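An overview of the molecular structure
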Amino acid sequence: QVQLVESGGGLVQAGDSLRLSCIASGFTVDTLAMGWFRQAPGKGREFVAAIGYNDRSTYDEDSVKGRFTISRDSAKNTVYLQMNSLKPEDTADYYCAAGPNRLVPGRRASDWDKWGQGTQVTVSS
């Protein structure tokens, strides 16, 4: 069945870059909308980025501010989140999600169907 496995998190300093990976199995990543969410301690799961039909992408401007880029590689069946100019407030568990179809379902976590286990990103000042 469908599985999503995130990797690439770690401990970095402010201003550094990370690329998170989400390896999918049970489906091909270009057949569904894919997204990234994050959750910090004591906070709800927050929308970060999504990519949908025709590889159109959308971002949360307040949190990302042009620093992050979502992409997917069909050959590797992998979705990526390139994170540049990281800030301490980016510290969170980052989750990969798949939607019910090719269209991005929205920014609410409840609109997404499948989730990975998460990868931790810690940004020190």
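These lines cover the structure that appears in this document, whether it is placed above or below.

1. Describing the overall build of the chain
- Within the chain, the secondary structure is distributed over 1 helix and 11 strands.
- Shown N-terminal to C-terminal, the secondary structure of the chain runs as helices and strands in the order β-β-β-β-β-β-α-β-β-β-β-β.
- Rg of the C-alpha trace for the chain: 13 Å, near the compact-globule value of 14 Å for 125 residues, within the 12% margin.
- Projecting the C-alpha coordinates of the chain onto the three principal axes gives extents of approximately 40 × 25 × 25 Å.
- With 125 residues in all, the chain has 41% of them scored as buried.
- Sequence-distant contacts in the chain: of pairs separated by 6 or more residues, those separated by 24 or more amount to 60%.
- For the chain, the computed accessible surface area is about 6400 Å², with 44% contributed by carbon and sulfur atoms.
- Here the chain carries 14 positive and 14 negative side-chain charges, and the mean point of each set is 2 Å from the other.

2. Focus on the sheet that holds strand 7 (residues 68-73)
- Within the open sheet, the 4 strands sit side by side as 1-3-8-7. Their pairing is antiparallel. Taken across any chain shown, the strands that pair with only one partner, and hence form the sheet edges, are strand 1 (3-7) and strand 7. Each adjacent strand pair in this sheet contributes to an overall mean axis angle of 15°, direction not counted.
- Pairing of strand 7 with strand 8 (residues 78-83), which is carried by 6 bridges, proceeds in the antiparallel orientation. From the neighbouring strand, arginine 72 faces strand 8, where its bridge partner is valine 79.

3. Observations concerning the pairing of strand 5 (residues 46-51)
- Across the 6 residues of strand 5, 5 count as buried, placing the element largely inside the fold.
- With 5 bridges joining them, strand 4 (residues 34-39) and strand 5 adopt antiparallel strand pairing. Opposite phenylalanine 37, over in strand 5, you have phenylalanine 47 as the bridge partner.
- The turn linking strand 4 back onto strand 5 is made up of 6 residues, and glycine 42 within it adopts a positive phi angle of 80°.
- Relative to strand 6 (residues 57-59), strand 5 runs antiparallel, the two sharing 3 bridges.

4. Quick word on unusual backbone geometry
- Even without being a glycine, aspartate 55 presents a positive backbone phi close to 60°.
- As for its placement among the helices and strands, aspartate 55 is situated in the loop between strand 5 and strand 6.
- Classification of aspartate 55 by relative accessible area gives partly exposed; the value is 48%.
- Backbone geometry places asparagine 77, a non-glycine residue, at a positive phi of 50°.

Quick notes on the rules
Residues numbered from 1 in each chain as written. Predicted model: local features only at pLDDT ≥ 70, side-chain atom pairs only at ≥ 80, totals over all residues. Heavy atoms only, no water. Helix = DSSP H or I, 4+ residues; strand = E, 2+ residues; numbered from the N terminus. Rg over C-alpha atoms; globule rule 2.2 N^0.38 Å. Buried < 20%, exposed > 50% of the residue type's maximum accessible area, 1.4 Å probe, protein only. Contact = heavy atoms within 4.5 Å. Areas by Shrake-Rupley, 256 points an atom, 1.4 Å probe, with all protein chains shown as cover. Lys, Arg positive; Asp, Glu negative; His and termini not counted. Charge placed at Lys NZ, Arg CZ, Asp CG, Glu CD. Pairing = 2+ DSSP bridges. Axes fitted to C-alpha atoms, helices over the stretch in contact; angles between N-to-C directions.

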